[in-house]
Amino acid sequence: MDLAALVFALTGAREDGCFVDAWSIAATEARRLTLGTKDARTGSPHAPLALSESLAARYKIVWSDGRISRGVLDRRQIEQDVAIALREARVTSYEDPDAKIVLGPAAFPDVAVFDAAVDEIAGGAVEPLAPRLAAIRARVAAHGFRTWSGSLQAARATARVLTSQGLDVETLGTSWSWHATFDGEIGAGISRRSPDDEASFLARLDRAIAVALALREDASKRPGGLVPVLFHPDVVEELFIAALLHNLDGAAVAHGTGAFRREQFDAREPVLREDLTLRHDPLVPLAAGAYRFTQEGLPARAVTYVVGGRLVSPLLDTKYARRLALTPTPSPSAMDTVFLEGPEPRSYEAAAAEAAGGALVLGVLGVHTQDFTSGDFSMSAPQTLALGDGGRFGGRLRATISGNLFAILRSPALRLVAFPGEHTPGILALCHLDPV
Amino acid sequence: MFLDTLISLDPVASALVERARVRGAYLIWRAQERTCARVLVRAGRVEDVATSVSSGHGIHVVDEHGGGALASRDDFHGEPALGLFDRALEAAGHAHRLGVPPAFLSGLAPERARLQPPGLEAYRRFDPSRAGKRLAELEAEIAARAPGLTTTLALSTDVDAWRVVRSDGGDVAWVMPRCVLRFSASSRGTERHTVGASVSGPSPDLLDDPAKVATFLARAEGAARLAAALPDAPSHPAGSYPLVIDYALAKGLAHEAFGHASEADGFRSSVLAKDGRFRSGDTVGAPHVSIVDEPVEGDHAWQPYSSSGVPRDRATIVDRGRLADALTDPWSAPMSGARLTGADRAESFRVAPLPRMSNIRIEIEGASPAQGAFEDYGPEEVRELLASSGVLARHPEVVYLSGYSGGQVNPTTGDFVFNCKAIYTLGAGKIRLHKPAIFSGSMFGALHAIREGYGPLLLDAIGTCGKWGQSVPSSGGSHYFLVLEPAPTVRLGGR
């Protein structure tokens, strides 16, 4: 990755009588291959075999008068138009004393983030994709699904952070992901740094198909009310963990736009049930969320956000760490390095049996319309299965669910549930469910 | 001005077209240059100014056997572009090994045009420092009207320039300017709620446009007062009710419930199609209800040409209760049985365009008048409107859903959801505020349930559509208010 022209221009820049006092660059050069399937047509014009090459650099400049410039440059600016880009950066500069920090060299941990097989696919070798497609198509045919959609994706990316303080760190990583959705209803997928093995791939696919088949039968009519609801790990990530991370964001804490206040961190009063922990570990080998350093050049390390139900640390970049007088933290980039933990999770079978008379919520519509600040939720849950005696599937319920996320996470009735093949636990809790 | 770079790429375009001719391939070449900026103000100070530039080109090729592939790169150099073409064509040749069915494109009229809307020079004059000061002034004014809240204001500017060249001679280039002024307010108590408001326009001068600023202040004040009141509001019971929705929610209904299902790339599974063919002529709603999608000049989601270089047409998706037009692109139109409406849009040069909406609206034949501006209508005024037109005589209590905060649909099943910012129950002599709740149902039930409309068309409800992982601006609206009769398949969530 050649950033010499950009670095040279930064060190010599003079604008408005000011020079560059400090700077940092976080650049990524990537190559990616994607193959989509839309409405059972693989590689159709709407989901074609796609190859892309990109180079982009996120920058921060601290000018000699203390003003800050931030932005993203593309390849053309980096390689050809850097002088113009810096002139425009100066025009957009602003006062922000808390944003002046530029990091220097540090010891960076090692974590596996590269896989040679993914690298080959990202370079254009499509053959390894064929058996995966064949397995999906065979199951679609065998089970009589009307349609399916999905994608397979491989990428390689070099990430580099350079700063005026002498930091220069680089890493080469890969990413692999696939997902498949059956009849537009329910699907499966995974993102990692390396491909999942064939057995895991097929097992994940078959679990999704089992619930897709169960959704074909309608449940008998039942009244609404407060019932045991087993939230699938996908819903836990999308709703519960996403809401927690949203409110833990340092900017939200500093500005009072989130649910948590600065004084609640390291306070004795719990905000969640006292046996719940939320932490992040970017050093899990080959996890999608694994990395060695942040875009600011902060070394990756494990961070605990909530322990014993009490707030420990927000998610903090250097600006908001300084603003809140706390230590900066690495932030999660994928859910497989985020851990929601508590008492020993129940097995799926035991939890489903305990939820008899309630429901298994596999997917929800409208998460992005919820107000995560209040924690109130009201959503449609069209992919919901009634749970009968012993936890057996009792047919499909089209339902709405409502409640408050924080109330559920404080509830004595809450149970964590281990779902086969899933990193994140499911949640069993009492929740208001109204069948349509 | 903003097309200069893309127009200067004639040599690259010509070289690619020539290579396609020599290799017997069909080419759609898309070049894009997009410049964005955002100024964010909190508590009277500028917290962030961020800029980004994204430019590059995508080469979509179809080889002589109908194999297709897309390759993209973020520069405009000639040699790498030709190398990229060769990689794309090679990948297209591999397509059959992966079971990719052949797809050909032909018969498109080779449109040639350049389109830059007026007023673009305002982007060259745009001064983020001045914008920051102006945002702080507006924040102070809102705080004076509705004190005691934590507020955020942001101005986003976006100039999105495209050129699409096809090997059949088509060559169009256009610029889409967009600005959005956003506000959000969070209550400060133990239980916090956040409510937002926005206005949009094609120029950053909207900060100095008295009419836009007045609308913005009125909407922001309403959002702030709502954020302060919601923590004490109860939840509304779930169920089916007589409903009033405002024009922004009507946009959500049109977009989520009908727009997506009329996009022809999904006709193998859409409830508005059978065996891949659009169910044109089928009755899907009440005979006084129409749904129209079209690019509106100066609008947030305006796009005059499709990402295949075809002029975008007005599409009357529902014409007085019957399905009429689908949202089609050159790939999907022939198979769908619907006419080509040039509806394909792409988030960036890196991705394949998809048929999708621009500005979508619900029109009611014989809508009743509503005087004044939409912002003049609080819940009391809405109740008066309903009372004077006899709705409250028909239903002693009506549930009024106010403000749109996003939605989602499953086009395969026709299930849609969207959320509001507040719920009011309107009855004789009483108005009660409730927390927001999901509004969900089946598209057919919803469209049949629409009974009345009030006020002129207002089409400035904006959003971002995230279909297939691609974010593009969306917009639309309806009359100020629509009344929906209770229907078992259209429900309000809640407790």
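Treat the numbers as computed from the prediction; the structure is a model and nothing was measured.

### Description of the domain arrangement of chain B
Residue and element names in this part refer to chain B. Examined at the domain level, chain B breaks down into domain 1 (4-232) and domain 2 (243-492). Taking only C-alpha atoms into account, the centre of domain 1 sits 23 Å from that of domain 2. Domain 1 puts 50 residues into the contact, and the matching count from domain 2 is 35 residues. Both sides of the domain 1 and domain 2 interface together cover about 3,300 Å² of buried area, and 64% of this is carbon and sulfur. Counting across the interface, domain 1 meets domain 2 through four salt bridges. If you look at where domain 1 meets domain 2, you find twelve residue pairs in polar contact (both at pLDDT 80 or more).

### Remarks on the pattern of salt bridges
Residue and element names in this part refer to chain B. Per the stated rule, a full pass over the model turns up 78 salt bridges over all chains. When the shortest N-O distance is used, the salt bridge between R451 and E485 registers 3.9 Å. One end of the pair, R451, is in strand β21 (residues 450-465); the other, E485, is in the loop between β22 (472-484) and β23 (490-492), with 34 residues separating them in the sequence. Judged by relative accessible area, R451 falls into the partly exposed class, the value being 41%.

### Describing the interface of chain B and chain A
Each side of the interface is counted separately: chain B has 83 residues, and chain A has 89 residues. Here E53(A) and R73(B) are joined by a salt bridge, their closest N and O atoms 2.8 Å apart. Connecting chain B to chain A are 38 residue pairs in polar contact (both at pLDDT 80 or more). Sort the elements by how many residues they give to the side of chain B that touches chain A and strand β2 (residues 45-62) of chain B lands first, with twelve residues. Among the residues forming the side of chain B that touches chain A, the class breakdown is 29 nonpolar, 33 polar and 21 charged. Bridge count between strand β4 (residues 49-63) of chain A and strand β3 (residues 68-73) of chain B: five bridges; the pairing is parallel. Considered in β3(B), the bridge of L49(A) is made with A69(B).

### Here we look at the state of the cysteines
According to the stated counting rule, one finds zero disulfides over all chains in the structure shown. Of all cysteine sulfurs in the structure, the one in C179(B) sits closest to C36(B), which takes part in no disulfide; the separation is 10 Å.

### Some thoughts on helix α3 (residues 82-91) of chain A
In an α-helix, one turn spans 3.6 residues, which is why side chains three or four residues apart end up on the same side. Residue and element names in this part refer to chain A. For α3, every residue scored as buried is listed here: V82, A85, L86, A89 and R90. Seen along its axis, α3 keeps its buried residues to an arc of 140°; they face one direction. The inward-facing, buried residues of α3 contact α1 (4-12), β1 (14-15), β2 (18-38), β4, β5 (67-74) and α2 (75-79).

### Topic: the packing of helix α5 (residues 128-145) of chain B against helix α6 (residues 210-229) of chain B
Residues and elements named next belong to chain B. Running from N to C, α5 and α6 point in directions that differ by 50°, and their axes come no closer than 10 Å. By the angle between their axes, α5 is oblique relative to α6. The two elements α5 and α6 meet at a crossing, and its hand is right-handed. Residues R134, L138, E141, I142 and R145 of α5 form the contact with α6, whose own contacting residues are V213, F216, L217, A218, A220, E221 and R225.

### So, the layout of surface pockets
Considered as a void within the structure, the second largest pocket measures approximately 840 Å³ in volume. Among the elements of the structure, β5, α2 and α3 of chain A together with α1 (4-7), β1 (26-42), β2, α4 (121-125) and β5 (150-166) of chain B are those that each provide at least two residues to the lining of the second largest pocket. Considered class by class, the residues forming the lining of the second largest pocket number 17 nonpolar, seven polar and eight charged.

### Observations regarding the pairing of strand β12 (residues 303-307) of chain A
Residue and element names in this part refer to chain A. One ladder, built from three bridges, connects strand β11 (residues 277-280) with β12; its direction is antiparallel. Within β12, the position partnered with R279 by the bridge is T304. Pairing analysis gives two bridges linking β12 to strand β13 (residues 310-311), with the strands arranged antiparallel. Each residue of the ladder has a partner; that of V306, found in β13, is L311. Counting the residues that bridge the hairpin from β12 to β13 gives two residues, and of these G308 lies at a positive phi of roughly 60°.

### Re the environment of A422(B)
Residue and element names in this part refer to chain B. If you trace the backbone, A422 turns up in strand β18 (residues 415-427). For A422, a relative accessible area of 0% corresponds to the buried category. Along the chain, A422 and L327 lie 95 residues apart, while their C-alpha atoms are 32 Å from each other. With residues up to four places along the chain from it excluded, the contact list for A422 reads L226, Y400, L401, S402, L433, H434 and P436.

### Overview of helix α3 (residues 78-94) of chain B
Look at α3(B): 25 Å from first C-alpha to last across 17 residues, which is about the 24 Å you get at 1.5 Å a residue. Considered for burial, the residues of α3(B) that qualify are A81(B), L82(B), L84(B), F85(B), R87(B), A88(B), L89(B), A91(B), A92(B) and H94(B). Elements that come into contact with the buried residues of α3(B) comprise β2 and β4 of chain A together with α2 (10-23), β1, β2 and β3 of chain B.

### Regarding the packing of aromatic side chains
In the structure shown here, the tally under the stated rule is 23 aromatic pairs over all chains. A ring pair is formed by F231(A) and F240(A), whose centres lie 5.2 Å apart and whose planes are at 70°; its orientation type is edge-to-face. According to the relative accessible area criterion, F240(A) is buried, its value standing at 1%. Centre to centre, the rings of Y480(B) and F481(B) are 6.4 Å apart; their planes meet at 90°, and the pair counts as edge-to-face. The exposure class of F481(B) is buried, given its relative accessible area of 0%. Members of the aromatic cluster, connected to one another through ring pairs, are Y247(B), F374(B), Y377(B), Y400(B), Y424(B), Y480(B) and F481(B). The ring of W468(B) carries the charged tip of K38(A) above its face, separated from the ring centre by 5.1 Å. In this structure, R90(A) packs its charged tip against the face of W63(A), placed 5.3 Å from the ring centre.

### Details of empty space enclosed by the protein
Under the counting rule described, the total for this entry stands at four cavities of 30 Å³ or more. Roughly 70 Å³ of internal volume is contained in the largest cavity. Around the largest cavity sit R34(B), D160(B), W162(B), M176(B), R178(B), Q303(B), R345(B), A346(B), E347(B), S471(B), V472(B) and P473(B), which together line it. When residues of the lining of the largest cavity are traced back to their parent elements, those giving at least two are β5, β6 (171-186) and β22 of chain B. The residue makeup of the lining of the largest cavity, split by class, is five nonpolar, two polar and five charged. Viewed by domain, the lining of the largest cavity spans two of them, domain 1 (4-232) and domain 2 (243-492) of chain B, each represented by three or more residues. Empty space within the second largest cavity amounts to approximately 60 Å³. Around the second largest cavity sit G43(A), S44(A), P45(A), P48(A), H60(B), V62(B), G66(B), G68(B), V100(B), P101(B), A103(B) and W331(B), which together line it.

### Some points on the sheet that holds β13(A)
Residue and element names in this part refer to chain A. Strand order in this open sheet of four strands is β13-β12-β11-β14, and the pairing throughout is antiparallel. The open sheet is flanked by β13 and β14 (338-341), the only strands paired with a single partner. Here helix α7 (residues 233-248) sits on the sheet and contacts β11, β12, β13 and β14; the angle it forms with β11, its principal contact strand, is near 80°.

What counts and what doesn't
- Residues numbered from 1 in each chain as written.
- Chains lettered and ligands numbered in written order.
- Predicted model: local features only at pLDDT ≥ 70, side-chain atom pairs only at ≥ 80, totals over all residues.
- Heavy atoms only, no water.
- Domains from an automatic or database assignment.
- Contact = heavy atoms within 4.5 Å.
- Buried area = accessible area lost by both parts, 1.4 Å probe.
- Salt bridge = Lys/Arg side-chain N within 4 Å of Asp/Glu carboxyl O.
- Polar contact = N/O pair within 3.5 Å; in protein donor to acceptor, adjacent residues only side chain to side chain.
- Helix = DSSP H or I, 4+ residues; strand = E, 2+ residues; numbered from the N terminus.
- Buried < 20%, exposed > 50% of the residue type's maximum accessible area, 1.4 Å probe, protein only.
- Nonpolar A, V, L, I, M, F, W, Y, C, P; charged D, E, K, R; others polar.
- Pairing = 2+ DSSP bridges.
- Disulfide = S-S within 2.5 Å.
- Arc of directions from axis to C-beta.
- Axes fitted to C-alpha atoms, helices over the stretch in contact; angles between N-to-C directions.
- Parallel < 35°, antiparallel > 145°, perpendicular 65-115°, else oblique.
- Left-handed = near helix turned anticlockwise from the far one by under 90°.
- 1 Å grid on protein atoms, 1.4 Å probe; cavity = no way out; pocket = protein on both sides within 12 Å on 5 of 7 lines; lining within 4 Å.
- Points joined across faces, edges and corners; volume = space filled by probe spheres on them.
- Expected span 1.5 Å × (residues − 1).
- Phe/Tyr/Trp six-rings, centres within 6.5 Å; stacked < 30°, edge-to-face > 60°.
- Lys NZ or Arg CZ within 6 Å of the ring centre and 35° of its normal.

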